[in-house]
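Given next are the chains, with one letter for each unit.
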Amino acid sequence: SGLRQLAMTAAAENAEQRMQLLVLLSRVIVVKEGMAGTVSEGLAHQIEALLPHVAKRESRFQALEQLRIYHGGAGNTGSSLAFAEQLLRMAEAGKRIDAIVYGSTLLGISHLAVGDLNAAGVCLRRGVERTEESPRQEPTPKPFGRPSGLHMLLILQAITAWLKGDAERSRDCERQARAMS
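Figured I'd write up the structure that's included with this text. (Residues numbered from 1 in each chain as written. Predicted model: local features only at pLDDT ≥ 70, side-chain atom pairs only at ≥ 80, totals over all residues. Heavy atoms only, no water.)

### Side note on the overall build of the chain
Now for step 1: Scanning the chain from N- to C-terminus turns up 8 helices and 0 strands.
Now for step 2: When the helices and strands of the chain are read in sequence order from the N terminus, they spell out α-α-α-α-α-α-α-α.
Now for step 3: The long-range share in the chain, meaning contacts at least 24 apart out of those at least 6 apart in sequence, stands at 54%.
Now for step 4: For the chain, the exposed surface amounts to about 10400 Å²; the carbon and sulfur share of it is 56%. (Helix = DSSP H or I, 4+ residues; strand = E, 2+ residues; numbered from the N terminus. Contact = heavy atoms within 4.5 Å. Areas by Shrake-Rupley, 256 points an atom, 1.4 Å probe, with all protein chains shown as cover.)

### Concerning the nonpolar core
Now for step 1: Within the largest apolar cluster, 37 residues are counted, with the highest numbers of intra-cluster contacts made by M19 and I47.
Now for step 2: Of all the secondary structure elements, the ones that give two or more residues to this core are α1 (2–33), α2 (38–50), α3 (57–74), α4 (77–94), α5 (97–113), α6 (117–131) and α7 (149–163).
Now for step 3: Look past the residues within four positions of I47 in its chain and what remains in contact with it is M19, L22, V23, S26, A63, Q66 and L67. (Core = buried A, V, L, I, M, F, W, Y, C linked by side-chain atoms within 4.5 Å. Buried < 20%, exposed > 50% of the residue type's maximum accessible area, 1.4 Å probe, protein only.)

### Considering the packing of α5 against α6
Now for step 1: Where α5 meets α6, the closest approach of the two axes is 8 Å, and the angle between their N-to-C directions is 165°. Comparing the axis directions of α5 and α6 gives the class roughly antiparallel. For the crossing formed where α5 meets α6, the hand is left-handed. Residues I97, I100, V101, S104, T105, L107, G108, H111 and L112 of α5 pack against L117, A119, A120, C123, L124, G127, R130 and T131 of α6.
Now for step 2: Split into classes, the residues belonging to the contact of α5 with α6 amount to 10 nonpolar, 6 polar and 1 charged. (Axes fitted to C-alpha atoms, helices over the stretch in contact; angles between N-to-C directions. Parallel < 35°, antiparallel > 145°, perpendicular 65-115°, else oblique. Left-handed = near helix turned anticlockwise from the far one by under 90°. Nonpolar A, V, L, I, M, F, W, Y, C, P; charged D, E, K, R; others polar.)

### A few points about the pattern of salt bridges
If charged atoms from side chains of opposite charge come close, those side chains can pair.
Now for step 1: A complete count under the given rule lists 4 salt bridges for this structure.
Now for step 2: Across the pair D98 and R96 runs a salt bridge whose closest N-O atoms are separated by 2.9 Å.
Now for step 3: Judged by its relative accessible area of 19%, D98 is buried.
Now for step 4: Of the charged contacts in the structure, one is a salt bridge between E174 and R178, with a shortest N-O distance of 2.8 Å. Remark: R178 and E174 occur in helix α8 (residues 167–180); sequence separation between them is 4 residues, near one turn of the helix.
Now for step 5: Look at R178 and you get exposed, because its relative accessible area is 60%. (Salt bridge = Lys/Arg side-chain N within 4 Å of Asp/Glu carboxyl O.)

### Thoughts on the side chain of S110
Now for step 1: Among the secondary structure elements, S110 is positioned in helix α5.
Now for step 2: We classify S110 as buried; its relative accessible area is 3%.
Now for step 3: Every residue in contact with S110, bar those within four places of it in the chain, is listed here: R68, S80, L81 and A84.

### Some thoughts on unusual backbone geometry
Now for step 1: With a phi angle near 60°, K95 is a residue other than glycine that sits in the positive phi range.
Now for step 2: The residue K95 is located in the loop between α4 and α5 in this model.

Structure follows, in structure tokens:
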């Protein structure tokens, strides 16, 4: 019936608006209390509970990003990896190169956090390869010192290579990153 459809549409819009608000609030709280504080934990639980009810790709992407950040900061490495993998799959399904590069970066960071240097290296290399296809290349750091795009990937590759004992590769990635600064 028409009334039922209207109610379902209103519920979906409400879930979407709540998700956007929770993600925004979560970003602010992370700055104020850190990635894994008590308020961040409560917001992460609310975001997780609401996620199945949100259909818009962008809102789901942002929610998965915040959940990856929270769980990574809280030391829940299994959850952090799972959310990073979901985020990258979503980016690949949407075929947005910039989102794929970002998803590869987050998954690489998650693999670094658990000490899986080979998987981290694979993710980060894929991200670097995809930056060449990206229409929105961002070679310089973002405000507040958060490097993005190729710059961030090169820094992470330098760290990964160094941890693997490949000093030459590490220095090469570092030189490339410095050249972009």
